[in-house]
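One-letter residues, chain by chain:
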Amino acid sequence: MYRREMIFGLAAIGLAACEQVPAARLGPDGLPVPTLYRIREGQEAEIQFRMLDSVNALRRAQGLVPVALDGRLNAAAATHARDMAVQNRPWLFGSDGSSPLDRARRVGFPGRLLGENISESYETELQTLAAWMEQPDTRAVILDPDARFMGFAWFQETAGKIWWTLNIGSDPAIRRPISGIAS
């Protein structure tokens, strides 16, 4: 009896292994069609720390000191991400005419804002970081040697589009003028 069950069990496993796995849908470029990345409530800290760890890994690979999350820069990033969604365009100026520097000052960030990276996408935070690292200007913000603090936030629309904002700031003790601008 046991032998018969073993044979039938092996036959069932063998047949199950023959089941066809559905092929990934491919787009016109031959790459898999992206799936909607939905950020669920309660994932804020997980996503922020995943981005922080990734940014710091990139910085370490370049021999740079790590950055720390800063609540004030997170607040400035969140405000701008939502504002870009309201304006329906990714750009560095707020609907009230504010610049990234203005937003950092408004939240009381004591250091110097070194840069702000923005994106409008349906991609994950790590795919967005990879895209930023491919562009010289946004890469320079992430790898700025004076960076000590990071703010990171997003706003996701109901349909799934995500507006990402990353702010990088220096320590308040670093007061070097921005290149080409008198202090």
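Sequence order as written defines the numbering, with residues in each chain counted from 1. Confidence filtering applies because this is a predicted model: local features only for residues at pLDDT of at least 70, side-chain atom pairs given and counted only at 80 or more, and all residues used for totals across whole chains, interfaces and linings. Excluded from the side-chain calculation are hydrogens and water; included are all heavy atoms of the structure.

Closest axis-to-axis distance for the helix α2 (residues 44–61)/helix α5 (residues 125–134) pair is 10 Å, and the angle between their directions is 30 degrees. Relative to α5, the element α2 is oriented roughly parallel. As α2 runs across α5, the sense of the crossing is right-handed. Contact residues: I47, R50, M51, S54, V55 and L58 in α2; E125, L126, L129, W132 and M133 in α5. When residue character is reported, Ala, Val, Leu, Ile, Met, Phe, Trp, Tyr, Cys and Pro are called nonpolar, Asp, Glu, Lys and Arg charged, and the others, Gly included, polar. Residue classes in the contact of α2 with α5 are distributed as eight nonpolar, one polar and two charged. Fitted lines through C-alpha atoms give the axes, limited to the stretch in contact for helices. The angle between two N-to-C directions lies from 0 to 180 degrees. Secondary structure elements follow DSSP: runs of H or I of four or more residues count as helices, runs of E of two or more count as strands, with numbering from the N terminus. Note on terminology: angles under 35 degrees are roughly parallel, angles over 145 are roughly antiparallel, angles of 65 to 115 are roughly perpendicular, and the others are oblique. Two helices crossing with the near one rotated counterclockwise from the far one by less than a right angle form a left-handed crossing, whereas a clockwise rotation gives a right-handed crossing. Whether two residues are in contact is decided by their heavy atoms: any pair within 4.5 Å suffices.

This part is about the pattern of salt bridges. Working definition: two side chains of opposite charge can pair if their charged atoms are close together. Criterion for a salt bridge: a side-chain nitrogen of Lys or Arg within 4 Å of a carboxyl oxygen of Asp or Glu. Under the counting rule described, the total for this entry stands at seven salt bridges. Linking R72 and D70 is a salt bridge whose minimum nitrogen-to-oxygen distance equals 2.9 Å. By relative accessible area, which is 35% here, R72 ends up partly exposed. For R103, the salt bridge is made with E116, and the minimal N-O distance between the two is 2.8 Å. Separated by 13 residues along the polypeptide, R103 in helix α4 (residues 100–106) and E116 in strand β2 (residues 113–121) bring together distant segments of the chain. E116 shares its class with R103; the two are buried. We call a residue buried when its accessible area falls under 20% of the maximum for its residue type, exposed when it is over 50%, and partly exposed in between, using a 1.4 Å probe and counting protein chains only.

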